Amino acid sequence: MPHPKEDKTVLIIKPDGVKRGLIGEIISRIEKRGLKIIALEMFMATKEHIDEHYPKSEEWMKKIGEKTLKNYNDYGYDVKKELGTDDLLEIGKLVRGWLIDYMTSGPMVKMVVKGIHAIEMVRKIVGPTLPSQAEMGTIRGDFSVDDSTAANRDKRAIRNLVHASGNQEEADHELLFWFAPEEITDYKRAEDDIMF
Ligand code: GDP
Ligand code: MG
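These figures come from a predicted structure and were not determined experimentally.

Participant: Provide a residue-level description of helix α4 (residues 58-75), including the pertinent values.
Facilitator: In a regular helix each residue adds 1.5 Å, so 18 residues correspond to 26 Å; α4 covers 26 Å between its end C-alpha atoms and thus fits that length. Listed in full, the buried residues belonging to α4 are W60, M61, I64, G65, T68, N71 and Y72. Around the axis of α4, the buried residues are gathered within 145 degrees of arc, so they sit on the same side. Looking at α4, the residues exposed on the side facing more than 90 degrees away from the buried face are E59, K70 and N73. Considering only its buried residues, α4 is in contact with α5 (79-83), α6 (88-103), α9 (148-153) and α10 (168-178). Looking one or two residues beyond α4, the residue adopting positive phi is G76, at roughly 75 degrees.

Right, dumping it as structure tokens:
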């Protein structure tokens, strides 16, 4: 097993994060925690990029469907009436389509973050998918308010500021997909000797 401090993950500031001027705030939170940015770029994604970025597995789409269904049940909304289906896979497919529109609606900022348990750490700093349920102190909890009941009604993806790799498999895929090996650097930060 590699040393835990070698762990890497991908974080992307979505178009709403860029347009709201939150690039600095988001990067600052990652850096202050003691995680290291080892690649960074602003770019404009194509529809094909986003289609390749997100998993295509039924399992992933069903998981999105499950999150939606739970959210609808929590608030007493009728998912079938609103979306025309309560099938997990169909809901996942709908959301996947809206995501492509969202992630190509403006420039984004992509970065590779390195550090101890980087994948889990960054997810913690970002907070859960639904901003309405994200705790204060997380990026999504402090700066966003959206919810699937609202986003689905308007036929758009939930605006939650950032994407962060959800697990090792996603991190491996996204690292290779978004960055050429020569774009990923490394350096020693002053804190390295003090913090770990
Ligand atoms: P993440 O890993 O926390 O970003 O969440 P997922 O991988 O489950 O979903 C990917 C993205 O799809 C989310 O960040 C949201 O922008 C969007 N999304 C997820 N679930 C829903 C949903 O139920 N409705 C809508 N409209 N968008 C969703
Ligand atoms: Mg995800």
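Participant: Describe the packing of aromatic side chains, and please don't skip the residues or the numbers.
Facilitator: Going through the model one piece at a time under the given rule, you end up with 4 aromatic pairs. Ring geometry for Y72 and Y77: centres 6.1 Å apart, planes at 75 degrees, overall edge-to-face. Residue class for Y72 comes out buried when judged on its relative accessible area of 1%. Ring centres 4.9 Å apart and planes at 70 degrees place the aromatic pair F177 and W178 in the edge-to-face group. According to the relative accessible area criterion, W178 is buried, its value standing at 5%. Through successive ring pairs, a cluster of aromatic residues spans F43, F177 and W178. Over the ring of Y187 we find K36, and its NZ or CZ is 5.5 Å from the ring centre. Lying over the aromatic face of F43, K110 brings its terminal NZ or CZ to 4.9 Å of the ring centre.

Participant: Can you tell me about the environment of H173, naming the residues and giving the values?
Facilitator: By the element assignment, H173 lies in helix α10. When the C-alpha positions of H173 and P55 are compared, they lie 9.2 Å apart, and in sequence the two are 118 residues distant.

Reading the values: the criteria
- Residues numbered from 1 in each chain as written.
- Chains lettered and ligands numbered in written order.
- Predicted model: local features only at pLDDT ≥ 70, side-chain atom pairs only at ≥ 80, totals over all residues.
- Heavy atoms only, no water.
- Helix = DSSP H or I, 4+ residues; strand = E, 2+ residues; numbered from the N terminus.
- Expected span 1.5 Å × (residues − 1).
- Buried < 20%, exposed > 50% of the residue type's maximum accessible area, 1.4 Å probe, protein only.
- Arc of directions from axis to C-beta.
- Contact = heavy atoms within 4.5 Å.
- Phe/Tyr/Trp six-rings, centres within 6.5 Å; stacked < 30°, edge-to-face > 60°.
- Lys NZ or Arg CZ within 6 Å of the ring centre and 35° of its normal.

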